[in-house]
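As a plain string of letters, each chain reads:
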Amino acid sequence: ATVNLRALTSWVGIARLLAVLLSCLTFSLVASTGHFGGPYGTWCMFTWCFCFAVTLLVLLLELLELYPLLPLSWDDFTSAFSMLAALMVFTSSVVFPATFISSPCSSSLCARQAVATTASCLCFLAYAVEVSLTRAKPGDISSFLSTVPGLLKVFEAYIACLIFSLLDEYNGESGLMWCVAVYSICFIFTLLIIIFTIGRCLTYIPCSLEKVLVGYNFLALLMYLTATVLWPLYSFQGRSRPDPCGTNCWWNKHLGVTFLTIFNLIAYLVDLVYSTRMVF
């Protein structure tokens, strides 16, 4: 193996180094407090540890120039991971302080949690800078997942995962079950597009891939449009907000799904516009 120091000294390498250091600092501070139990704390710790480990592995593979030996599209993989890491760290930067930091913040425990939250926010900025630096320039289509439609695919799949984590009390309602089917079908197809792109399998599809993607985005947009109308209609019609309504309250979860559905609807709309421009 040869050593490529540019993997560490380029702007992308510097952003990855900062992400490694900040994610390590974040989970170390949170671990030292001992207060990260429950599903939300476990998710946040997994996010910081996962992003730290994968980013460090990416740096080592590029430093030693071993990545060409892997049977995958390296540019697509790193673009998809940096986008995913940015989304995951951003979510953790919001969820962790909202769940574990209480007011007023005066103890040393709270101070460490506040520093960890700040480091997590800076880590998100590092990944956002990496996404910006590696995004494909106009006319460059060598790496699909580094283009705007490719990055939106990662965003759409991640938002669908967040929706799945909030789903609750939808059995027995045909409208809600249709919405769950919409989330599941679009998630599966979007995930397959990402996996096939990274695995270099899209070239084996015996048809025009670009036009297939445009058609899929159009159908996904229509399906999410129906879910945007039906989910709040069947969730809140004739049902008022419980009092009290805690963290695990069904009303809050259904409201979160409503907003996430709107976010994905907008994402598929932008994806359709960019994909259409790329093809036609």
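Since this is a predicted model, take the numbers as computed values, not measurements.

Caption draft 1: Structural context of the overall build of the protein. Within the protein, the secondary structure is distributed over 9 helices and 0 strands. Tracing the protein from N to C terminus, the helices and strands come up as α-α-α-α-α-α-α-α-α. The C-alpha atoms of the protein give a radius of gyration of 21 Å, which matches the 19 Å a tight globule of 280 residues would have. Viewed in the frame of its principal axes, the protein has a C-alpha envelope of about 65 × 60 × 25 Å. In the protein, buried positions account for 44% of the 280 residues. Of all intrachain contacts in the protein linking residues separated by at least 6 positions in sequence, the fraction that spans at least 24 positions is 78%.

Caption draft 2: Molecular detail of the packing of helix 2 (residues 11–33) against helix 5 (residues 108–134). Direction vectors running N to C along helix 2 and helix 5 enclose 160°, while the axes themselves pass 8 Å from each other. Relative to helix 5, helix 2 is oriented roughly antiparallel. Helix 2 and helix 5 meet at a crossing whose hand is left-handed. Of the residues contributing to the contact of helix 2 with helix 5, the split by class is 19 nonpolar, 7 polar and 3 charged.

Caption draft 3: Representation of the domain arrangement of the protein within the structure. One can read the domain layout of the protein as domain 1 (1–141) and domain 2 (147–279). If you average the C-alpha positions of domain 1 and of domain 2, the two centres end up 25 Å apart. Contacts between the two partners involve 18 residues from domain 1 and, on the opposite side, 12 residues from domain 2. Taken over both partners, the interface formed by domain 1 and domain 2 buries close to 1300 Å², and the fraction arising from carbon and sulfur atoms is 76%. Taken together, the links from domain 1 to domain 2 amount to 3 residue pairs in polar contact (both at pLDDT 80 or more). Elements represented by at least two residues in the side of domain 1 that touches domain 2 include exactly helix 3 (38–63) and helix 4 (74–100). Ranked by residues supplied to the side of domain 1 that touches domain 2, first place goes to helix 4 with 9 residues.

Caption draft 4: Geometry of the packing of aromatic side chains. Going through the model one piece at a time under the given rule, you end up with 17 aromatic pairs. Seen in terms of ring centroids, Trp-74 and Phe-77 are 5.6 Å apart; in terms of plane orientation they differ by 40°. Their pairing is tilted. Residue Trp-74 and its partner Phe-77 are located together in helix 4, separated by 3 residues, close to a single helical turn. With a relative accessible area of 25%, Phe-77 lands in the partly exposed category. Joined through ring pairs, the aromatic side chains of Tyr-183, Phe-189, Tyr-216, Tyr-224, Trp-231 and Tyr-268 make up one cluster. The aromatic ring of Tyr-274 is capped on one face by Arg-277, whose charged end is 5.9 Å from the ring centroid.

Caption draft 5: The side chain of Thr-117, seen in detail. Locating Thr-117 in the fold gives a position in helix 5. In this structure Thr-117 touches Ser-93, Phe-96, Pro-97 and Ile-101, once residues within four positions along its chain are discounted.

Caption draft 6: Region of interest: the UniProt feature "transmembrane region" (unreviewed entry) in the protein. The sites that UniProt annotates as "transmembrane region" (unreviewed entry) are residues 12–31, 43–61, 81–102, 109–129, 175–202, 214–234 and 254–274. Here residues 43–61 is 100% helix and 0% strand, with 27 Å between the C-alpha atoms at its ends. Helix makes up 100% of residues 254–274 and strand 0%. Its end C-alpha atoms lie 30 Å apart.

Caption draft 7: Local environment of a nonpolar patch on the surface. The grouping of Ile-185, Ile-188, Phe-189, Leu-191, Leu-192, Ile-195 and Phe-196 at the surface amounts to a nonpolar patch, some 590 Å² of accessible area in total. Inspection of the secondary structure assignment puts Ile-195 in helix 7 (residues 174–198).

Caption draft 8: Spatial organisation of the packing of helix 7 against helix 8 (residues 209–236). Orientation of helix 7 relative to helix 8, taken along the N-to-C sense of each, is 150°, at an axis distance of 8 Å. Between helix 7 and helix 8, the interaxial angle falls into the category roughly antiparallel. Two packed elements cross with a definite hand, and for helix 7 against helix 8 that hand is left-handed. Residue composition of the contact of helix 7 with helix 8, by class: 19 nonpolar, 5 polar and no charged.

Reading the values: rules and limits
- Residues numbered from 1 in each chain as written.
- Predicted model: local features only at pLDDT ≥ 70, side-chain atom pairs only at ≥ 80, totals over all residues.
- Heavy atoms only, no water.
- Helix = DSSP H or I, 4+ residues; strand = E, 2+ residues; numbered from the N terminus.
- Rg over C-alpha atoms; globule rule 2.2 N^0.38 Å.
- Buried < 20%, exposed > 50% of the residue type's maximum accessible area, 1.4 Å probe, protein only.
- Contact = heavy atoms within 4.5 Å.
- Axes fitted to C-alpha atoms, helices over the stretch in contact; angles between N-to-C directions.
- Parallel < 35°, antiparallel > 145°, perpendicular 65-115°, else oblique.
- Left-handed = near helix turned anticlockwise from the far one by under 90°.
- Nonpolar A, V, L, I, M, F, W, Y, C, P; charged D, E, K, R; others polar.
- Domains from an automatic or database assignment.
- Buried area = accessible area lost by both parts, 1.4 Å probe.
- Polar contact = N/O pair within 3.5 Å; in protein donor to acceptor, adjacent residues only side chain to side chain.
- Phe/Tyr/Trp six-rings, centres within 6.5 Å; stacked < 30°, edge-to-face > 60°.
- Lys NZ or Arg CZ within 6 Å of the ring centre and 35° of its normal.
- UniProt positions renumbered as here; feature names shortened; annotations may be inferred.
- Patch = residues over 30% accessible without salt bridge, like charges linked within 9 Å, V, L, I, M, F, W, Y side chains within 5 Å.
- Areas by Shrake-Rupley, 256 points an atom, 1.4 Å probe, with all protein chains shown as cover.
- Salt bridge = Lys/Arg side-chain N within 4 Å of Asp/Glu carboxyl O.

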